[in-house]
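Understanding the architecture of this molecule
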Amino acid sequence: MDNRVPLAERMRPQSLDEVVGQDDIIGDGKILTEIVRKQEPVNIIFWGPPGTGKTTLARIIAKEFKADFIEISAVTAGKKDVERVVEIAKQNWNLKQRTVLFVDEIHRFNKAQQDAFLPHVESGLITLIGATTENPSFEVISPLLSRSRVVIVKHLSKKDIITVLNRAIKTEKATKRVTKAAIDYLAELSGGDARSALGDLELALSLAKKVDVDQVKEAAGRKVPGYDKAGDAHYDNISAFIKSMRGGDDNAALYYLARMVNAGEDPKFIARRMVIFASEDIGLAGNGALGLALNAFMAVERIGMPESGLILAHTVTALTRAKKSRESTDAWYAAQDLARRTMGLPVPIWLRNAPTKLMKELGFGKGQKWEAGFHLDKKYLPDEIKDTKLF
């Protein structure tokens, strides 16, 4: 095998049986195995993290269909590339050959570009396989999405990455050159990205005859966390952060805080979410929580990182351990819903201002005296909803 080809490419699985870590979609009765078995073209959108095998799966399916496999990247492809693919597909159609078009990072195509493929996907001229790291519900147009099966490609576990690395080390006849600790560290460092792990392994093997943890560190350099502040990882992490606080798990809340901080998340964004959390989830159970969170936000603004990490950690721990009450939150949502449905109801006449003599004569503001507790027996809501209870 040509060593000029990157190790990750040389180790790319050639059949479904060789794919690691995707037992939910590969195997007896599982979707990809059944698609291949039935030999019926299906448009697929693979959704999953980087380095989990989306491109590999597309190539394997095309190979099993004996189809012409055309691969383009939505990052670089333009209108002419789309037209070229359609022309090739038409030629293949006349030769009774299937065309599988693989669009990497399909979420980068705008609506007009996705629309251009739609009629050819509908006619069956092209079998479309897209790959995306972003939620296709938001990034792929509805007509295309409705004609495709969304297949989730799982994040690879550390054990899966170790399997991939050991397979590569055996193939490279480097079993005695790489320590078990180095393999473990490579897997830990990869963040579930097999391509990244194999790239680090290849560089480490090129740097030293014996690869240990220190060699891996040198080869890998400073790893950039798999976190896109404009993408799903951003929303997944903040969601896990909020839910960990809500569930009272201070270990998990601090962990997700650390992930966001390490990835370069704006600390003010995190602090803002804690201010919201203090009212939304702690609410009436701890009225001091809002003041604490707001003070944390102001402190983060004034002090900056990295010291603000301490303030965030302190506040997160306090909010996570606090008693929780969504009573005011639920009442607020109920009030909003009620207001939307009853905006036309008149305010009770006794609650209205009476700036003119006529209005006073008509009963506006009649009987208003605001000594403590004076009007506890009054109905403040419009008559039609006067008995509604929001709490």
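It should be noted that the structure appears before, not after, this text.
Here we summarise the structure given alongside this text. These numbers were taken from a predicted model, which means no experiment stands behind them. (Residues numbered from 1 in each chain as written. Predicted model: local features only at pLDDT ≥ 70, side-chain atom pairs only at ≥ 80, totals over all residues. Heavy atoms only, no water.)

**Quick word on the overall build of the protein chain**
Counting secondary structure elements, the protein chain contains 18 helices and 5 strands. In terms of overall size, the protein chain is more extended than a compact globule, its C-alpha atoms giving a radius of gyration of 30 Å where 391 residues would be expected to give roughly 21 Å. Relative to its full complement of 391 residues, the protein chain shows a buried share of 41%. Long-range pairs, those at least 24 residues apart, make up 71% of the contacts in the protein chain with a sequence separation of at least 6. Charge centroids of the protein chain, computed over 58 positive and 51 negative side chains, lie 1 Å from each other. (Helix = DSSP H or I, 4+ residues; strand = E, 2+ residues; numbered from the N terminus. Rg over C-alpha atoms; globule rule 2.2 N^0.38 Å. Buried < 20%, exposed > 50% of the residue type's maximum accessible area, 1.4 Å probe, protein only. Contact = heavy atoms within 4.5 Å. Lys, Arg positive; Asp, Glu negative; His and termini not counted. Charge placed at Lys NZ, Arg CZ, Asp CG, Glu CD.)

**Description of unusual backbone geometry**
Of note, the bond from Met305 into Pro306 is cis; its omega dihedral lies within 30 degrees of zero at 5 degrees. In this structure, Pro306 sits in the loop between α15 (288-303) and α16 (308-321). A positive phi is found at Lys66, a non-glycine position, where the angle reads about 55 degrees. Within the secondary structure layout, Lys66 lies in the loop between α3 (54-64) and β2 (68-73).

**Observations regarding the pattern of salt bridges**
Overall, the coordinates contain 19 salt bridges when judged by the stated rule. Across the pair Glu172 and Arg10 runs a salt bridge whose closest N-O atoms are separated by 3.0 Å. With Glu172 in the loop between α8 (158-171) and α9 (180-190) and Arg10 in helix α1 (residues 7-10), the pair connects residues that are 162 residues apart, well separated along the chain. Across the salt bridge formed by Arg10 and Glu202, the nearest N and O atoms sit 3.8 Å from each other. Of the two residues, Arg10 sits in helix α1 while Glu202 sits in helix α10 (residues 194-207), which places them 192 residues apart along the sequence. (Salt bridge = Lys/Arg side-chain N within 4 Å of Asp/Glu carboxyl O.)

**Quick look at a nonpolar patch on the surface**
A contiguous nonpolar patch, built from Leu284, Leu390 and Phe391 and spanning about 320 Å² of accessible area, is present on the exposed surface. When you line up the elements, Phe391 lands in the segment after α18 (357-361). Since its relative accessible area comes to 67%, Phe391 is described here as exposed. (Patch = residues over 30% accessible without salt bridge, like charges linked within 9 Å, V, L, I, M, F, W, Y side chains within 5 Å. Areas by Shrake-Rupley, 256 points an atom, 1.4 Å probe, with all protein chains shown as cover.)

**A word on the environment of Ala293**
The topology assignment puts Ala293 in helix α15. According to the relative accessible area criterion, Ala293 is buried, its value standing at 0%. In this structure the C-alpha to C-alpha distance between Ala293 and Ile311, which are 18 residues apart in sequence, comes to 9.9 Å. When neighbours within four sequence positions are excluded, Ala293 is seen to be in contact with Met274, Val275, Ala278, Thr315 and Leu319.

**A word on the pairing of strand β3 (residues 99-104)**
Summarising burial for β3: 5 of the 6 residues are buried, a large majority. Pairing of β2 with β3, which is carried by 6 bridges, proceeds in the parallel orientation. Counted as the bridge partner of Glu71 is Phe102 from β3. Note on the crossover from β2 through helix α4 (residues 79-94) to β3: the handedness is right-handed. The pairing of β3 with strand β4 (residues 127-132) spans 5 bridges and is parallel. (Pairing = 2+ DSSP bridges. Right-handed = clockwise from strand over helix to strand, strands pointing away.)

**Remarks on the pairing of β4**
Burial analysis of β4 places 6 of its 6 residues in the buried class, which makes it a mostly covered element. Alternating residues of β4 divide into Thr127, Ile129 and Ala131 and Leu128, Gly130 and Thr132, and every residue in both groups is buried. Relative to β4, strand β1 (residues 44-47) is paired through 4 bridges, and the arrangement is parallel. By the bridge assignment for β4, Phe46 is matched with Ala131. Of the crossover connections in this fold, the one passing from β3 over helix α5 (residues 111-123) to the parallel β4 is right-handed.

**Observations concerning the packing of aromatic side chains**
In this structure the tally under the stated criterion is 3 aromatic pairs. Arranged with centres 6.1 Å apart and planes meeting at 20 degrees, the rings of Phe69 and Phe102 form a pair that is stacked. With a gap of 33 residues between them, Phe69 in strand β2 and Phe102 in strand β3 connect regions that are remote in the sequence. Exposure remark for Phe69: the relative accessible area of 24% places this residue in the partly exposed category. Arranged with centres 5.1 Å apart and planes meeting at 65 degrees, the rings of Tyr255 and Tyr256 form a pair that is edge-to-face. For Tyr255, a relative accessible area of 44% gives the class partly exposed. (Phe/Tyr/Trp six-rings, centres within 6.5 Å; stacked < 30°, edge-to-face > 60°.)

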